[in-house]
Amino acid sequence: MSLKEKMKELIIEWDEDGLREICKSAIESKEASAAELLRIIGDVLRFIGEQFENEEIFLPDLIGSADTVKTIIDEILDPAIRASGEEKETKGKVILGTAESDVHSIGKDLVGSFLFSNGFEVYNLGVDVPASAFIEKAEEVGAQIIAMSSLLTMSMDFQRKLIKELENRGIRNKYKVIVGGSPTSDEWADEIGADGWADDAIEAVSLVNKILNV
Ligand code: B1M
């Protein structure tokens, strides 16, 4: 059985101890890096999401798998990714969060881990974050980028609201706003006047590098 297949089985069975063990030993034996393990977890979650969409599993199954993954990301993978970026100097400050009304954290946290390990200072405000909180934090720390994730069609409009709010306060040009999350797209980013869109965490790093010219 491949590493991916083993991890898939453990995530589906909510086997937190098993997943912790397999991730630790893969990193220690250099079979896979924390970033590669995160990518596998993303693929498995998408698979589980499709099963949920096709009504093959129920909401509690989805929550159980998501919680299992979240624990291991917080405990093992995020610290490992952060440690690999520890020595790098800061390339810029990014305010990151999930849009108001939306509690999906996993993809957003991946974006944060990848940005951090690529040398950015990341202020992760969590989930269900109002536009005003993004702006206040950006003002407080002197950020260059505001990055908002949306996994719900319903929460996408809060990305537009953030840009409008920056305009209303007369500070739109102070910040580059990037958006992402599965229901969003390049076209959506254009429509709301964002500065960029990324399909996944790796693209988010390239996008921020490009926008800041670093
Ligand atoms: Co929810 N959920 N969920 N969910 N959930 C989706 C998103 C959904 C597509 C499932 C479905 O029904 N088909 C659907 C949204 C439909 C829509 O509006 N378009 C949905 C729904 C409806 C809901 C609830 C309303 C369910 C309910 O209660 N009836 C509810 C909403 C609660 C709320 O937010 N108010 C809900 C709840 C949950 C859980 C709590 C159970 C759990 C989240 C746990 C957590 O995050 N801590 C959950 C999960 C796990 C999912 C799915 C299965 C997986 C999401 C995920 O973590 N993917 C998802 C179905 C799916 O995606 N197929 C689904 C893995 C992750 C690595 O990918 O998040 O896409 P993703 O992030 C990627 C990219 O999108 C991108 O990079 C990431 C890494 O590569 N990216 C960015 C993300 N943010 C970015 C920001 C950037 C750039 C790139 O720059 C700023």
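Note that the coordinates shown come from a computational prediction; the quantities given were computed from them, not determined experimentally. (Residues numbered from 1 in each chain as written. Predicted model: local features only at pLDDT ≥ 70, side-chain atom pairs only at ≥ 80, totals over all residues. Heavy atoms only, no water.)

Trainee: Can you help me understand the overall build of the chain in this one?
Mentor: Helix and strand counts for the chain stand at nine helices and five strands. Since a compact globule built from 214 residues should have a radius of gyration of about 17 Å, the 17 Å found for the chain is in line with a globular shape. Referenced to the eigenvectors of the C-alpha coordinate spread, the extents of the chain come out at roughly 55 × 45 × 25 Å. The proportion of buried residues among the 214 residues of the chain is 47%. Sequence-distant contacts, at least 24 apart, represent 71% of the contacts inside the chain between residues at least 6 apart. As displayed, the chain offers around 10900 Å² of accessible surface, 49% of which is attributable to carbon and sulfur atoms. Within the chain, the 42 negative side-chain charges are centred at a point lying 7 Å from the centre of the 23 positive side-chain charges. (Helix = DSSP H or I, 4+ residues; strand = E, 2+ residues; numbered from the N terminus. Rg over C-alpha atoms; globule rule 2.2 N^0.38 Å. Buried < 20%, exposed > 50% of the residue type's maximum accessible area, 1.4 Å probe, protein only. Contact = heavy atoms within 4.5 Å. Areas by Shrake-Rupley, 256 points an atom, 1.4 Å probe, with all protein chains shown as cover. Lys, Arg positive; Asp, Glu negative; His and termini not counted. Charge placed at Lys NZ, Arg CZ, Asp CG, Glu CD.)

Trainee: Would you take a moment to explain the coordination of the cobalt atom of the ligand for this structure?
Mentor: Angles between donor atoms at a metal ideally measure 109.5 degrees for a four-coordinate tetrahedral arrangement and either 90 or 180 degrees for a six-coordinate octahedral one. Among protein residues, the single donor to the cobalt atom of the ligand is His104 (NE2), with a metal-donor distance of 2.2 Å. By the secondary structure assignment, histidine 104 is in the loop between strand E1 (93-98) and helix H5 (106-117). (Donors = N, O, S within 2.8 Å, 3.2 Å for Na, K, Ca; no water.)

Trainee: I keep staring at the site of the ligand and nothing clicks. Help me out?
Mentor: Taken together, the neighbourhood of the ligand is formed by 34 residues, with Glu53, Val103, His104, Ser105 and Thr153 sitting nearest. Contacts to the ligand include valine 103, whose backbone N or O atom sits 2.7 Å from an oxygen atom. Within the backbone of serine 182, one N or O atom sits 3.4 Å away from an oxygen atom of the ligand. Comparing atom positions with the cavity grids shows the ligand to sit within the largest pocket. Every element with two or more residues in the shell around the ligand is listed here: helix H3 (34-53), helix H4 (59-84), H5, strand E3 (145-149) and strand E4 (176-180). The biggest single contributor to the shell around the ligand is H3, with six residues. (Near = heavy atom within 4 Å. Polar contact = N/O pair within 3.5 Å; in protein donor to acceptor, adjacent residues only side chain to side chain. 1 Å grid on protein atoms, 1.4 Å probe; cavity = no way out; pocket = protein on both sides within 12 Å on 5 of 7 lines; lining within 4 Å. Sits in = over half its atoms within 2 Å of the grid points.)

Trainee: Before we go on, may I ask you to explain the nonpolar core in this structure?
Mentor: One broad trend across soluble globular proteins is that nonpolar side chains are buried collectively. Met7 and Leu77 are the most contacted members of the largest nonpolar core, which totals 44 residues. At the level of secondary structure, the elements contributing two or more residues to this core comprise helix H1 (3-12), helix H2 (16-28), H3, H4, E1, H5, E3 and helix H9 (201-212). It is H3 that provides the largest number of residues to this core, a total of nine residues. Shared between two domains, this core holds at least three residues of each, these being domain 1 (3-84) and domain 2 (93-211). Apart from the residues lying within four places of it in its own chain, the contact partners of leucine 77 are Cys23, Ile27, Ala34, Leu37, Leu38, Ile41 and Ile72. (Core = buried A, V, L, I, M, F, W, Y, C linked by side-chain atoms within 4.5 Å. Domains from an automatic or database assignment.)

Trainee: Honestly, the domain arrangement of the chain in this entry has me stumped. Any pointers?
Mentor: Examined at the domain level, the chain breaks down into domain 1 (3-84) and domain 2 (93-211). Between the C-alpha centres of domain 1 and domain 2 there is a distance of 24 Å. Facing the 12 residues of domain 1 at the interface are nine residues of domain 2. Counting each side, the surface lost to burial between domain 1 and domain 2 is near 950 Å², with a carbon and sulfur contribution of 70%. Sorting the residues of domain 1 by area buried against domain 2 places Lys70, Ile81 and Arg82 first, and these three jointly supply 45% of that buried surface. Residue lysine 70 pairs with aspartate 109 through a salt bridge whose shortest N-O separation is 3.3 Å. Linking domain 1 with domain 2 are one residue pair in polar contact (both at pLDDT 80 or more). (Buried area = accessible area lost by both parts, 1.4 Å probe. Salt bridge = Lys/Arg side-chain N within 4 Å of Asp/Glu carboxyl O.)

Trainee: How do you make sense of the side chain of arginine 20 when you look at a structure like this?
Mentor: If you trace the backbone, arginine 20 turns up in helix H2. One polar contact links arginine 20 to glutamate 75, side chain to side chain, over a distance of 2.7 Å. If we skip the residues at most four places from it in the chain, arginine 20 touches Thr71, Ile72, Glu75 and Ile76.

Trainee: Would you mind showing me how to read a negative patch on the surface here?
Mentor: A contiguous patch of negative charge, built from Asp186, Glu187, Asp190, Asp199, Asp200 and Glu203, is present on the exposed surface. Ranked by residues supplied to the negative patch, first place goes to helix H8 (residues 186-192) with three residues. With respect to the secondary-structure elements, aspartate 186 resides in helix H8. (Patch = residues over 30% accessible without salt bridge, like charges linked within 9 Å, V, L, I, M, F, W, Y side chains within 5 Å.)

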